[in-house]
Every structure is written in structure tokens, then in C-alpha cells.
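Remarks on the overall topology
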Amino acid sequence: NIISDARRRRVKVSLASAPPPLYSAHIAASSVCNHCIATEMPQRMKLTECRGERKKSRVEEYLDTEKLTLEAVITDHSDDIPLIRECINRSGKVFLVSPDLTTISKLKQG
């Protein structure tokens, strides 16, 4: 519903996710997202997952390149705390969807 509402208002929606594009891009497309940021699959086995600080920096790079603003974050996981903090710093909204107890605990810690 959150994504549908954003799309009706012509807001661009991006999926930023740790799984590689083979998986994430399908979810983004079926969710009618405009863009997908995912773990890049390198030629060698050295893999840097798109989560935590890495996800936050990739989202910031995309926003800067496209001249967009971070208006909201939808998440269920504590790995997204850096992105949550950035969203709050930019006066955006954070939507927690079925977070586990670890995520709730980490968010309460600040």
C-alpha cells in the first residue's frame, strides 16, 4: 500500500536490498519500483553485500546522481539502521514492517 500510494503520487520508488540483482530486480519489478540497488556480483568471489553502511552509501549515490531526495524507508531489519538514521536526518518517514525483536532492541538503543 505504501508503494502503491507513492506511485499514485508519482514519487520514484527504489528497492535497496542485500540479495543480488537476479533476485532483487525481480522483486523490484513485481513491486512496480523504478529502480533496484542490490549486491553487485563481482568477477571474483570477493563480495560486498549491499547492507548497512554500504547500502546507505549506494542509496545516497543514486539519490545524488538522479537529484532525488530520501523521503521514506520501509524496512524490517536492523541492517538498515544506517539508512534509517539518514532518512530521519533528512526529515523522512520510516516504516517498520514486522521487525524482529533484535531490530526493535537495536532501534531503541539509538
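Everything in this summary refers to the structure shown in the same document. Residue numbers restart at each chain and count upward from 1, following the sequence in its written direction. For this predicted model, a pLDDT threshold of at least 70 governs which residues receive local features, and a threshold of 80 or more governs which side-chain atom pairs are given and counted, while totals over whole chains, interfaces and linings are taken from all residues. Derived side-chain values reflect all non-hydrogen atoms in the structure, with water molecules and hydrogen atoms excluded from consideration.

1. Overview of the overall build of the chain
For the chain, the helix and strand inventory stands at 5 helices and 4 strands. Just to be clear, the radius of gyration here is over C-alpha atoms, and the globule rule we use is 2.2 Å times residues to the power 0.38. Computed over the C-alpha atoms, the radius of gyration of the chain is 14 Å, within 12% of the 13 Å expected from 2.2 N^0.38 for a compact globule of 110 residues. By its C-alpha atoms, the chain is 40 × 35 × 25 Å across when sized along the principal axes. Whether a residue is buried, partly exposed or exposed follows from its accessible area with a 1.4 Å probe, protein chains only, as a fraction of its type maximum: under 20%, in between, or over 50%, in that order. Expressed as a percentage of its 110 residues, the buried residues of the chain come to 30%. Two residues form a contact once any of their heavy atoms are found within 4.5 Å. Taking as baseline every contact in the chain between residues at least 6 positions apart, the subset at least 24 positions apart corresponds to 31%. The Shrake-Rupley method, run with a 1.4 Å probe sphere, supplies the accessible areas, and residue values consider only the shown protein chains as cover. With the model as given, the accessible surface of the chain reaches about 7700 Å², and the carbon-plus-sulfur share is 51%. Each charge class in the chain was averaged separately, 18 positive and 14 negative side chains, and the resulting centres sit 2 Å apart. In this text, helices come from DSSP runs of H or I with a minimum length of four residues, and strands from runs of E with a minimum of two, each type numbered from the N-terminal end. Charge assignment: positive for Lys and Arg, negative for Asp and Glu; neither His nor the chain ends contribute. Throughout, a charge is located at the NZ atom of Lys, the CZ atom of Arg, the CG atom of Asp or the CD atom of Glu.

2. Quick word on the packing of helix 3 (residues 53-66) against helix 4 (residues 81-89)
In this description, a line fitted to the C-alpha atoms serves as the axis of each element, helices being fitted only across the stretch in contact, and the angle between N-to-C directions of two axes falls anywhere from 0 to 180 degrees. Put simply, helix 3 and helix 4 touch, their axes get as near as 7 Å, and they point 45° apart. The orientation of helix 3 relative to helix 4 falls into the category oblique. Contact with helix 3, carried on its side by E53, K55, K56, V59 and E60, involves P82, L83 and E86 of helix 4 and no other residues of that element. For the contact of helix 3 with helix 4, a count of residues per class yields 3 nonpolar, no polar and 5 charged. Here is the rule for angles: anything less than 35 degrees is roughly parallel, anything more than 145 is roughly antiparallel, 65 through 115 is roughly perpendicular, and the remaining ranges are oblique. Residues were grouped as follows: Ala, Val, Leu, Ile, Met, Phe, Trp, Tyr, Cys and Pro as nonpolar; Asp, Glu, Lys and Arg as charged; and all remaining residues, including Gly, as polar.

3. Topic: the pattern of salt bridges
One side-chain nitrogen of Lys or Arg within 4 Å of one carboxyl oxygen of Asp or Glu is enough to make a salt bridge. Counting across every chain of the model gives 10 salt bridges. Across the pair R9 and D5 runs a salt bridge, and its minimum N-O distance is 3.2 Å.

4. What about helix 4?
Listed in full, the buried residues belonging to helix 4 are I81, P82, L83, I84, E86 and C87. Tucked inside the fold, the buried residues of helix 4 contact helix 3, strand 3 (72-75), strand 4 (93-96) and helix 5 (101-108). Positioned one or two residues after helix 4, S91 has a phi angle of 65°, which is positive.

5. Considering unusual backbone geometry
Phi at R10 is positive, roughly 65°, even though this residue is not glycine. For R10, the position within the fold is in the loop between helix 1 (2-8) and strand 1 (14-16). Notably, V32 is not glycine yet its phi reads approximately 60°, a positive angle.

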